[in-house]
Amino acid sequence: MSQITSYHAHVYFDAETVEQARALCQTAASTFDVQMGRVHEKPVGPHPMWSCQLLATPDQFSQLLPWLALNRDGLIVFSHPETGDHLTDHLDHGIWLGTGLDLDLSLFG
């Protein structure tokens, strides 16, 4: 089994929910001491919507994911482990909170 080095949680949003997503990510970062990435107001990488990434250790993620499930207030969250196999991490190991979306995985192939 691959070693999980960290987790990413990508909070998706649009023009109407950008401030809601920013507040959610800032609260998560300060509450769980996780690293918050930039708030991208355009699709980036494989992500089909605007997003903000939260980077967590496995220990932090065990607390972060349940909190996101209860506090996302309608936002979609895509989480995945980081094992070094980006395609498998996104395709087979992903966790969706809310409606799953199609990712553009072509950049991993």
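As recorded by an unreviewed UniProt entry, the protein carries the name 4,5-dioxygenase and is attributed to Parasedimentitalea marina.

So, about the layout of surface pockets. A volume near 180 Å³ is recorded for the largest pocket. Forming the walls of the largest pocket are 16 residues, and the residues nearest its centre are His8, His10, Val44, His47 and Gln53. Taken together, the residues of the lining of the largest pocket sort by class into three nonpolar, eleven polar and two charged.

Of note in this structure, Asp33 is not a glycine but carries a positive phi near 55 degrees. Inspection of the secondary structure assignment puts Asp33 in the loop between α1 (18-32) and β2 (35-40). A positive phi is found at Asp73, a non-glycine position, where the angle reads about 45 degrees. Mapped onto the fold, Asp73 is located in the loop between α2 (58-71) and β4 (76-82). Since its relative accessible area comes to 64%, Asp73 is described here as exposed.

This part takes up the pairing of strand β3 (residues 50-56). In terms of strand pairing, strand β1 (residues 6-13) meets β3 through seven bridges, oriented antiparallel. Bridge pairing in β3 places Phe13 opposite Trp50. Looking at chain direction, β2 and β3 are connected through four bridges and run antiparallel. If you follow His40 over to β3, its bridge partner there is Ser51.

Conventions adopted
- Residues numbered from 1 in each chain as written.
- Predicted model: local features only at pLDDT ≥ 70, side-chain atom pairs only at ≥ 80, totals over all residues.
- Heavy atoms only, no water.
- 1 Å grid on protein atoms, 1.4 Å probe; cavity = no way out; pocket = protein on both sides within 12 Å on 5 of 7 lines; lining within 4 Å.
- Points joined across faces, edges and corners; volume = space filled by probe spheres on them.
- Nonpolar A, V, L, I, M, F, W, Y, C, P; charged D, E, K, R; others polar.
- Helix = DSSP H or I, 4+ residues; strand = E, 2+ residues; numbered from the N terminus.
- Buried < 20%, exposed > 50% of the residue type's maximum accessible area, 1.4 Å probe, protein only.
- Pairing = 2+ DSSP bridges.

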